[in-house]
Amino acid sequence: MPRKIAAGNWKMNGTSSDLVELDKLAAAHADPSVVMLICPPATLIERADRICAAAGIAVGGQDCHAAASGAHTGDTSAQMLWDAGAAYVILGHSERRADHGETDADVSAKIAAAQAVGLTAILCVGESLAQRDAGQALAVVGAQLRGSLPDGVAADRLIVAYEPVWAIGTGKVPTLEQIGEVHGFLRASLADLVAEGAADVPLLYGGSVKAANAADIFGVADVDGALVGGASLTAADFSPIVTALQNA
Ligand code: 13P
């Protein structure tokens, strides 16, 4: 897969009337050197994929269950996402960890389930503000990475997103030095944790990425793209971020 990835996480936003944003993205971008990925709510994956597939835009889910099927009311399996047209799935997002109590062990099982059906897993890690202030940022993301990668994880179907919890939806962004420090640490840690292909695992930064700061962030070593929340909801906001990545 190309290393440059511009991913949009729509979170719990979007109904059918918002699909027009995908038509606009499809019309605006046709650069195969950058993977453009949109992760809409599960209800829109199939319709989103119908629009995106022809334009070479990938579609992903925002979570999956670790089990293949069964009595899990309200949950979605990895196979169901794949069947609906998803090629990627975000796992371990801090909002899932906070809202649903997901542990590293839960995330590890989900990554294994996702990769088993062919999905590329986007593992999210990131420290809270209190943890950063206490000087624990690297220790926290290191522990999350170690705890969340299943045995035998496939590096070629893995992406890691560094999303400091305090930067999500706040307009606050770490300094470029802080981003570079964590990404360098993640790159080195992956080399210890993944048998083969660690150097090729894309590392995304996420947390208040906007058109105004994207180019600077993409200039940081070991930043291969972004996982974008709020600014991915409209083509007008997301397109300039994708363009900044193309030009990086
Ligand atoms: P924002 O871009 O809205 O800060 O969200 C980031 C995020 O959580 C992406 O997964």
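Engineer: Would you mind showing me how to read the state of the cysteines here?
Structural biologist: The term disulfide refers to a covalent linkage connecting the sulfur atoms of a pair of cysteines. This model, assessed by the stated rule, comprises zero disulfides. Between Cys 52, a cysteine without a disulfide, and Cys 39, which holds the nearest cysteine sulfur, the sulfur-to-sulfur distance is 10 Å. The exposure class of Cys 52 is buried, given its relative accessible area of 0%.

Engineer: Help me understand the sheet that holds strand β7 (residues 203–206) in this model?
Structural biologist: For sheets, the rule is that strands pair by backbone hydrogen bonds, running either parallel or antiparallel. The strand order around the closed barrel formed by eight strands is β1-β2-β3-β4-β5-β6-β7-β8, and the pairing between neighbours is parallel. Looking at each pair of strands side by side, their axes are set apart by 25 degrees on average, direction ignored. Here strand β5 (residues 120–125) runs beside strand β6 (residues 158–162); their pairing, made up of five bridges, is parallel. Among the inter-strand pairings, Leu 123 is bridged to a residue of β6, identified as Val 160.

Engineer: Can you help me understand the pairing of β6 in this one?
Structural biologist: The two faces of the sheet receive side chains in turn, since in a regular strand these alternate between them. Burial analysis of β6 places five of its five residues in the buried class, which makes it a mostly covered element. Across three bridges, β6 lies against β7 in parallel orientation. Within β7, the residue paired with Ala 161 across the bridge is Leu 204. Traced from β6 through helix α8 (residues 176–193) to β7, the parallel crossover comes out right-handed.

Procedures and definitions
- Residues numbered from 1 in each chain as written.
- Predicted model: local features only at pLDDT ≥ 70, side-chain atom pairs only at ≥ 80, totals over all residues.
- Heavy atoms only, no water.
- Disulfide = S-S within 2.5 Å.
- Buried < 20%, exposed > 50% of the residue type's maximum accessible area, 1.4 Å probe, protein only.
- Pairing = 2+ DSSP bridges.
- Helix = DSSP H or I, 4+ residues; strand = E, 2+ residues; numbered from the N terminus.
- Axes fitted to C-alpha atoms, helices over the stretch in contact; angles between N-to-C directions.
- Right-handed = clockwise from strand over helix to strand, strands pointing away.

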